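Here are the chains, one letter per residue:
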Amino acid sequence: MKRDVTTTVLGAASLLGLAVVLGLSLTSPLDVNQGSLVRLMFVHVPEAWLSYLAYGGTGLFGLLYLIQRRRHWDRLAMASGEIGLLFTLATIVGGMLWAKPTWGTYWVWDARLTTTALSLVVYGGYLLIRSLIDDPERRARVSAVVGIVGTLYVPVNYMAVEWWRGVHQTQTLKLLGGVRWDAAPIYLPTLLLSVASFTLLYFFLLRLRGTLAAREEAREERELTGVTGLEVARG
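Residues numbered from 1 in each chain as written. Predicted model: local features only at pLDDT ≥ 70, side-chain atom pairs only at ≥ 80, totals over all residues. Heavy atoms only, no water.

- Looking at an unreviewed UniProt entry, the chain carries the name Heme exporter protein C, with the source organism given as Deinococcus daejeonensis.
- Quoted straight from UniProt, the Subcellular location (unreviewed entry) entry for the chain says "Membrane".
- Regarding the chain, the relevant UniProt record gives this comment under Sequence similarities (unreviewed entry): "Belongs to the CcmC/CycZ/HelC family." (UniProt positions renumbered as here; feature names shortened; annotations may be inferred.)

Pasting the structure below:
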């Protein structure tokens, strides 16, 4: 089996980055208001970023499939959708752990939380559609359209705390209308390193899952070819 050097490097780099982030987060100073809870930011925010990145990837790879009709893009779209769903779940769990001591409850139907929960329905439906359509080309076309439309979730979820004010805080790192950091400056380097490490983790998981999907597809095609050949021989 040929060794994938790029995947190995991405995995090692993301693991190293996450290890450094863990060390920095555990030794970071306590927040005046939240105490040690502030350390959840170094995981919760990058998890949310990775889910945005993955859903954006699902739409982008779906669009590339519709343009080029290459199955490679369809496999990456599927892989990215699975990663996005996984890290949306992780984001929700991390948010609930943060919410209980600060809001007094694990969950409220705030705009940010509600749209995050809806993304599970959208991308869970995306993966369900893929499992229900047998024809590979039709499955790729339909899921590509769903994946492209689903990317609307990203800006809506990001801006939810600005458009519909609720209990969820506004963006700590504001990117629109001028970049602004609304927290203690000492936390910013660790957060940026964590976001970078999670980004590497995304590309590692994308390559890994894409490779596995290609192998599964090749095996299914061999099995189909074998069954067809056997039927022809019997005929």
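## Concerning the overall build of the chain
No. 1: Broken down by element type, the chain carries 7 helices and 2 strands.
No. 2: The helix and strand sequence of the chain, counted from the amino end, reads α-α-α-α-α-α-β-β-α.
No. 3: Relative to its full complement of 235 residues, the chain shows a buried share of 38%.
No. 4: Put simply, the chain shows about 13,200 Å² of open surface, and 68% of that area lies on carbon and sulfur atoms.
No. 5: With 22 positive and 17 negative side-chain charges, the chain shows a spacing of 3 Å between the two charge centroids. (Helix = DSSP H or I, 4+ residues; strand = E, 2+ residues; numbered from the N terminus. Buried < 20%, exposed > 50% of the residue type's maximum accessible area, 1.4 Å probe, protein only. Areas by Shrake-Rupley, 256 points an atom, 1.4 Å probe, with all protein chains shown as cover. Lys, Arg positive; Asp, Glu negative; His and termini not counted. Charge placed at Lys NZ, Arg CZ, Asp CG, Glu CD.)

## Re the packing of helix α2 (residues 41-68) against helix α5 (residues 136-150)
Helix packing geometry: the angle between the two helix axes and the distance between the axes.
No. 1: At their nearest, the axes of α2 and α5 sit 8 Å apart, and the two run at 135° to each other. With respect to each other, α2 and α5 are oriented oblique. With respect to the hand of their crossing, α2 and α5 are arranged in left-handed fashion. Between α2 and α5, the contacting residues are T58, G59, G62, L63, Y65 and L66 on the first element and E137, A140, R141, A144, V145, G147 and I148 on the second.
No. 2: For the contact of α2 with α5, the per-class residue count stands at 7 nonpolar, 4 polar and 2 charged. (Axes fitted to C-alpha atoms, helices over the stretch in contact; angles between N-to-C directions. Parallel < 35°, antiparallel > 145°, perpendicular 65-115°, else oblique. Left-handed = near helix turned anticlockwise from the far one by under 90°. Contact = heavy atoms within 4.5 Å. Nonpolar A, V, L, I, M, F, W, Y, C, P; charged D, E, K, R; others polar.)

## Some points on the nonpolar core
One broad trend across soluble globular proteins is that nonpolar side chains are buried collectively.
No. 1: Counting residues in each nonpolar core, the largest one holds 24 residues, and the members touching the most others are L50, Y55, F61, I83, F87, Y202 and L206.
No. 2: Residue contacts for I83: discarding those within four places in its chain leaves L50, A54, Y202, L205 and L206.
No. 3: Formed by 7 residues, the second largest nonpolar core is a distinct cluster that contains V38, M41, F42 and L191. (Core = buried A, V, L, I, M, F, W, Y, C linked by side-chain atoms within 4.5 Å.)

## Some points on the UniProt feature "domain: Cytochrome c assembly protein" (unreviewed entry) in the chain
No. 1: When the UniProt feature table is mapped to this numbering, "domain: Cytochrome c assembly protein" (unreviewed entry) covers residues 4-168.
No. 2: End-to-end, the C-alpha atoms of residues 4-168 are 42 Å apart, and along that stretch the chain is 80% helix and 0% strand.

## Quick notes on unusual backbone geometry
No. 1: The backbone of R69 sits at a positive phi, close to 60°, despite the residue not being glycine.
No. 2: Tracing the chain through its elements places R69 in the loop between α2 and α3 (71-103).

## Brief notes about the UniProt feature "transmembrane region" (unreviewed entry) in the chain
No. 1: UniProt tags residues 49-67, 79-99, 111-129, 141-164 and 184-205 as "transmembrane region" (unreviewed entry).
No. 2: Here residues 141-164 runs as 88% helix and 0% strand, with 34 Å between its end C-alpha atoms.

## Remarks on the pattern of salt bridges
No. 1: Here the structure, examined in full by the defined rule, presents 8 salt bridges.
No. 2: Residue R207 is joined to D4 by a salt bridge in which the shortest nitrogen-to-oxygen separation is 3.0 Å. Taken as a pair, R207 in helix α7 (residues 188-234) and D4 in the segment before α1 (5-27) lie far apart in primary sequence, 203 residues in all.
No. 3: R207 sits in the partly exposed class, given a relative accessible area of 34%.
No. 4: R209 is the salt-bridge partner of E82, the closest N and O atoms lying 2.6 Å from each other. With E82 in helix α3 and R209 in helix α7, this pair connects stretches of sequence that are 127 residues apart.
No. 5: Exposure remark for E82: the relative accessible area of 26% places this residue in the partly exposed category.
No. 6: Here the residues in one salt-bridge network are R71, R75, E137 and E217, joined through shared partners. (Salt bridge = Lys/Arg side-chain N within 4 Å of Asp/Glu carboxyl O.)

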